[in-house]
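# Topology and contacts: notes
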Amino acid sequence: AQKITQTQPGMFVQEKEAVTLDCTYDTSDPSYGLFWYKQPSSGEMIFLIYQGSYDQQNATEGRYSLNFQKARKSANLVISASQLGDSAMYFCASSGGGGNKLTFGTGTQLKVEL
Amino acid sequence: DAGVIQSPRHEVTEMGQEVTLRCKPISGHDYLFWYRQTMMRGLELLIYFNNNVPIDDSGMPEDRFSAKMPNASFSTLKIQPSEPRDSAVYFCASSLGAVGSTQYFGPGTRLLVL
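Residues numbered from 1 in each chain as written. Chains lettered and ligands numbered in written order. Predicted model: local features only at pLDDT ≥ 70, side-chain atom pairs only at ≥ 80, totals over all residues. Heavy atoms only, no water.

## Some thoughts on the overall build of chain A
Using the following cut-off: For helices the rule is a DSSP run of H or I covering at least 4 residues; for strands it is a run of E covering at least 2, with both sets numbered from the N terminus onward. Between the two quantities, the radius of gyration covers C-alpha atoms and the globule rule is 2.2 Å times the number of residues to the power 0.38. In this scheme, a residue with accessible area under 20% of its type's maximum is buried, one over 50% is exposed, and one in between is partly exposed, where area comes from a 1.4 Å probe on protein chains only. Computed with a 1.4 Å probe, the accessible areas rest on the Shrake-Rupley method; for each residue, only the protein chains presented here act as cover. Charge assignment in this entry is limited to Lys and Arg as positive and Asp and Glu as negative, and neither His nor the chain termini are counted. Throughout, a charge is located at the NZ atom of Lys, the CZ atom of Arg, the CG atom of Asp or the CD atom of Glu.
If you tally the helices and strands in chain A, you get zero helices and twelve strands. Secondary structure of chain A in N-to-C order comes out as β-β-β-β-β-β-β-β-β-β-β-β. The C-alpha atoms of chain A give a radius of gyration of 14 Å, which matches the 13 Å a tight globule of 114 residues would have. Based on the C-alpha atoms only, the size of chain A along its principal axes is roughly 45 × 30 × 20 Å. The buried share of chain A, taken over its 114 residues, is 48%. Accessible surface, chain A as shown: approximately 5500 Å² in total, 50% of it carbon and sulfur. In chain A, 9 positive and 10 negative side-chain charges are present, and the distance between their average locations comes to 4 Å.

Below, the structure written as structure tokens:
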């Protein structure tokens, strides 16, 4: 079984600043994937970034980067140069176990302020 | 390209009625997932299919829930009879391939059972 822990229910950040959203995971699978999704107030789930357990380098996608620390079982999302449109709920998720089903954390509500 | 399509977007029904949610995955994707999102339980996987075959339905809450995938471009999730505690947002997602493949979510169906 997989478990995702997001300990920050809410975060505030000033526009143009960087912010880190925490995620720790627990899995016994040797091969797994880690994902971040964004859910704005409109409700859709938007894929942001993916990190494979065997990837040597941290994943980056534009202003998003994933700080992957395998020994600590952490997969934190870093958003650089925050924008007002980044205000949303952010979910960390993992896949593994031979299938592709995602296990989600409880999410972090990010608010970007002027 | 069209993303995952779900219908209806909103459904209001009365307790005891049958509810059918529909999903059209992204063309060419071989995995299809049904998730449910509630405030109390967060995002949870209900069932997923690979090549139209149900692989894991351990998340289906009870016999009132059933899901089918008659072909590669269509799936349904049925609740019969519906109960107020079934009120939630139901997401369909699809992906190409197994572990590590990105799941793309539909816009969701917001279900309210009175």
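## Observations concerning the overall build of chain B
Inclusion rule: By definition, residues are in contact when any of their heavy atoms lie within 4.5 Å.
Along chain B, the regular secondary structure elements total zero helices and eleven strands. Reading the secondary structure of chain B in the N-to-C direction produces β-β-β-β-β-β-β-β-β-β-β. Over its C-alpha atoms chain B spans a radius of gyration of 13 Å, differing by no more than 12% from the 13 Å that the globule rule assigns to 114 residues. Here the C-alpha coordinates of chain B stretch approximately 40 × 30 × 25 Å along the principal axes. When the 114 residues of chain B are sorted by exposure, 50% land in the buried category. Of the contacts formed within chain B by residues at least 6 apart in sequence, a portion of 54% connects residues at least 24 apart. In chain B, 10 positive and 12 negative side-chain charges are present, and the distance between their average locations comes to 4 Å.

## Concerning the layout of surface pockets
Definition in use: Only protein atoms enter the 1 Å grid, on which a cavity is a set of points fitting a 1.4 Å probe that cannot get out and a pocket is an open set with protein on both sides within 12 Å along at least 5 of 7 lines, lining residues being those with an atom within 4 Å of a point. Grid points are joined across faces, edges and corners, and a volume is the space filled by probe spheres set on the points. Residues were grouped as follows: Ala, Val, Leu, Ile, Met, Phe, Trp, Tyr, Cys and Pro as nonpolar; Asp, Glu, Lys and Arg as charged; and all remaining residues, including Gly, as polar.
When its volume is computed, the largest pocket comes out at roughly 600 Å³. If you go around the largest pocket, you meet 28 residues; those closest to its centre are Gln39, Met89 and Phe91 of chain A together with Gln37 and Met39 of chain B. Looking at the lining of the largest pocket residue by residue, the class counts come to twelve nonpolar, 14 polar and two charged. Looking at the second largest pocket, its volume works out to about 170 Å³. Surrounding the second largest pocket, Lys101, Leu102, Thr103 and Phe104 of chain A together with Tyr35, Leu43, Glu44, Leu45, Leu46, Asp56, Ser58 and Gly59 of chain B form its lining. Broken down by secondary-structure element, the contributors of at least two residues to the lining of the second largest pocket are strand 11 (102–104) of chain A together with strand 5 (42–50) of chain B.

## A word on the interface of chain A and chain B
Let me state the cut-off plainly: Summed over both partners, the accessible area lost on bringing two parts together, with a 1.4 Å probe, is the buried area. When a carboxyl oxygen of Asp or Glu is within 4 Å of a side-chain nitrogen of Lys or Arg, the pair counts as a salt bridge.
On the side of chain B, 19 residues touch chain A, which itself brings 19 residues to the contact. Summing both sides of the interface, chain A and chain B together bury roughly 1600 Å²; the carbon and sulfur share of this comes to 58%. Three residues, Met45, Asn100 and Lys101 of chain A, lead the burial of chain A against chain B; their summed loss comes to 37% of the area buried on that side. In this structure, the connection of chain A to chain B is made through one salt bridge. The partner of lysine 101 of chain A in a salt bridge is aspartate 56 of chain B, and the shortest N-O contact between them spans 2.5 Å. Among the secondary structure elements, those contributing two or more residues to the side of chain A that touches chain B are strand 5 (32–39), strand 6 (46–52), strand 10 (88–96) and strand 11 of chain A. Sorting elements by how many residues they give to the side of chain A that touches chain B places strand 5 of chain A first, with five residues.

## Here we look at the packing of aromatic side chains
Here a ring pair, both rings aromatic, is described through the centre-centre distance and the interplanar angle of the planes. The cut-off we apply is this: Aromatic contacts are taken between Phe, Tyr and Trp rings whose centres are within 6.5 Å, Trp giving its six-membered ring; a plane angle under 30 degrees counts as stacked, one over 60 as edge-to-face, and the others as tilted. Two conditions define a charge located above a ring, namely a distance within 6 Å from the ring centre to NZ of Lys or CZ of Arg, and an angle within 35 degrees of the ring normal.
Across all of its chains, the model carries 18 aromatic pairs over all chains by this definition. Aromatic side chains tyrosine 37 of chain A and phenylalanine 47 of chain A sit 5.9 Å apart centroid to centroid with 65° between the ring planes, which places their arrangement in the edge-to-face category. Taken together, the residues tyrosine 37 of chain A in strand 5 and phenylalanine 47 of chain A in strand 6 connect sequence positions ten residues apart. On the accessibility criterion, tyrosine 37 of chain A (0% relative accessible area) is buried. A relative accessible area of 23% places phenylalanine 47 of chain A in the partly exposed class. Geometrically, the ring pair formed by phenylalanine 104 of chain A and tyrosine 35 of chain B is edge-to-face, given 5.7 Å between the ring centres and 85° between the ring planes. Taken together, the positions of phenylalanine 104 of chain A in strand 11 and tyrosine 35 of chain B in strand 4 (residues 31–38) put the pair across two chains. Both residues of the pair, phenylalanine 104 of chain A and tyrosine 35 of chain B, count as buried. Above the plane of the ring of tyrosine 64 of chain A lies arginine 63 of chain A, whose end atom (NZ or CZ) is 5.7 Å from the centre.

By themselves, these observations are geometric and do not establish any function.
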